[in-house]
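# Structural description and commentary
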Amino acid sequence: MCLAVPGKVLEIEDREGTRMAVVDFGGVVKEVCLEYLPDLQVGEYTIVHVGFALQRLDEESARQTLALFEGLGLLEEEFGDQWAIAAKAAGAEQPTDDAPGGDAHGGPQRDEEARA
Amino acid sequence: MKYLEEFQDPRLARRLLDEIHAVTTRPWALMEVCGGQTHSIIRHGIDQLLPEQVELIHGPGCPVCVTPLETIDKALEIASRPGVIFCSFGDMLRVPGSDRDLFQVRSHGGDVRVVYSPLDALRIAQQNPEREVVFFGIGFETTAPPNAMTVYQAEKLGVKNFSMLVSHVRVPPAIEALMTSPDCRVQAFLAAGHVCSVMGTEEYPELAERFRVPIVVTGFEPLDILEGVRRAVIQLERGDHRVENAYERAVRPEGNPAARRMLADVFEVTDRPWRGIGTIPASGWRLSERYRPYDAEHRFEVGDIATQEPAACRSGEVLQGLLKPHECEAFGTTCTPRTPLGATMVSSEGACAAYYLYRRLGGPVAAAAPTAMEASPVG
Ligand code: SF4
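Throughout what follows, the structure given in this document is the object of discussion.

The rules we used
- Residues numbered from 1 in each chain as written.
- Chains lettered and ligands numbered in written order.
- Predicted model: local features only at pLDDT ≥ 70, side-chain atom pairs only at ≥ 80, totals over all residues.
- Heavy atoms only, no water.
- Pairing = 2+ DSSP bridges.
- Helix = DSSP H or I, 4+ residues; strand = E, 2+ residues; numbered from the N terminus.
- Axes fitted to C-alpha atoms, helices over the stretch in contact; angles between N-to-C directions.
- Contact = heavy atoms within 4.5 Å.
- Parallel < 35°, antiparallel > 145°, perpendicular 65-115°, else oblique.
- Left-handed = near helix turned anticlockwise from the far one by under 90°.
- Nonpolar A, V, L, I, M, F, W, Y, C, P; charged D, E, K, R; others polar.
- Core = buried A, V, L, I, M, F, W, Y, C linked by side-chain atoms within 4.5 Å.
- Buried < 20%, exposed > 50% of the residue type's maximum accessible area, 1.4 Å probe, protein only.
- Disulfide = S-S within 2.5 Å.

## Let's talk about the sheet that holds strand β8 (residues 215-218) of chain B
Residue and element names in this part refer to chain B.
- The sheet built from five strands is open, its strands ordered β2-β1-β7-β8-β9 with parallel pairing. Every other strand in the sheet has two partners, leaving β2 (54-61) and β9 (243-245) as the edge strands with one partner each. Each strand axis lies, on average, 25 degrees off the axis of its neighbour in the sheet, ignoring direction.
- Bridge count between strand β7 (residues 188-192) and β8: four bridges; the pairing is parallel. By the bridge assignment for β8, F189 is matched with I215.
- Across the face of the sheet, helix α2 (residues 35-43) comes into contact with β1 (28-34), β2, β7 and β8 while running at roughly 120 degrees to β1.

This is the structure we're talking about:
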């Protein structure tokens, strides 16, 4: 639920008086509210939680975290079809025993991280 | 067989581990507060790479797990009503209520929608003025500002058919409750990094001082956790009890001031029951007087709900770090992610789910750890 994912600000616009941005999360592009980081600029990185930019991040940390999340299948978990994920968990075959880091992309794991 | 290979920088991981091993002279019990950290620890086998004397106790920081059963039942009741569009984060879909979950409500015709952001729910309300749109607002201090902003926007834009079922929780009162419990074994805390991205670190010195307990603000990635453990153990060995920030790249001492201002405007502190644990004073937020019209509990009559928790489920003890998931008799037998008895088996942040996915039967993982360390491309 509360994975916070780093992303890069691509565009900024005002919508109905609210500062919104288009943010790129390693290829997945989402709309993000900038009201809590109003001075964030195009090209900067931020950590985003449920569609809100919460804190600036330097580019290198952002890239490293994104690469890690991608490798662990977390981006798919965060931005994928939640009904499909829930359905899979509900009807999933039991995972294999040697699971650590195993089936990060397709299995019934719900391995979101970075929660609070 | 991955372990250190899975760490982004195996050499750094090794160095941190070596240092933790070198400084540890006595047994210590550290609690990671946040469920995201628990997940990361179990997934990467961090607890098994640490010295035997350093125990990680898993904390209550999974918002999905601690949302009170009564609130889940209210959500299910509201979501079942004709005319309602019930919006939620995906994690809540399979959290068991007394007799069903949101997934089942939807398959019986309820209009349940998953949103990425609470603002999406507000947009759905704007697009469906003839329907009541309710958003399930749960979460810790990280999620509360987005939800607060959404209620603020609803008022500003005059969206009358939007409301929120609010069940927010706060970390510091939970730390206090844990520390004052007679069963408490915790000697140091790894505080939840993203909570502190919003709230900063100002709430913690008082707790560190009062309970003489080191509190290290820690991130979620494997290396972050090792660094948090390293700093906590060094403090413990020296007899210190300070607040340290081991997650400086995302946490400033003042947190996010704009978010904190919005929280203070939209929410007010309230006592909150935590599922499996009981009521913790001042541990929650509800909508403030001014925003009460947007409170789904006021808008919908959902007064008398009789809740029933499965007797076998010991998630309360798991959430307080008193029991490891595999010590619960139902674990892996009557309780699995497919047929969860407790929320801790459903949520991605729940300790029971993490153990089930990565640590079931205990054996192979524990045995493999040292070898994996040797075999990893270190040095
Ligand atoms: S294993 Fe299942 S029944 Fe046991 S505490 Fe965890 S969620 Fe509850």
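Now, onward.
## Remarks on the packing of helix α8 (residues 144-157) of chain B against helix α13 (residues 257-266) of chain B
Residue and element names in this part refer to chain B.
- Packing of α8 against α13 brings their axes to within 9 Å, and their N-to-C directions diverge by 60 degrees. For the element pair α8 / α13, the angle class is oblique. In terms of crossing hand, the pair formed by α8 and α13 is left-handed. Of α13, the residues touching α8 (which contributes A144, P145, A148, M149, V151 and Y152) are A259, M262, L263, D265 and V266.
- Classifying every residue of the contact of α8 with α13 by side-chain character gives 10 nonpolar, no polar and one charged.

## Digging into the nonpolar core
- Counting residues in each nonpolar core, the largest one holds 102 residues, and the members touching the most others are Y36(A), F86(B), F162(B), F189(B) and F267(B).
- Not counting residues within four places of it along the chain, the set of residues in contact with F86(B) comprises A75(B), I78(B), A79(B), L102(B), D111(B), V112(B), R113(B), V134(B) and F136(B).

## A few points about the pairing of strand β1 (residues 4-15) of chain A
Residue and element names in this part refer to chain A.
- Sheet topology places β1 next to strand β4 (residues 45-49); five bridges connect them, and they run antiparallel. Along β4, the bridge assignment pairs A4 with H49.
- Note that β1 and strand β2 (residues 18-25) share seven bridges and pair antiparallel. Among the inter-strand pairings, I12 is bridged to a residue of β2, identified as A21.
- From the end of β1 to the start of β2, which pair antiparallel, there are two residues, and E16 there has a positive phi angle of about 45 degrees.

## Some words on the state of the cysteines
All names here are of chain B.
- In the structure shown here, the tally under the stated rule is one disulfide over all chains.
- Disulfide pairing is shown between C62 and C65; the S-S distance is 2.4 Å. The sign of the 70 degrees torsion about the S-S bond sets the C62-C65 disulfide as right-handed. Considered together, C62 and C65 belong to a single accessibility category, that of buried residues.

Nothing here speaks to function; it is geometry throughout.
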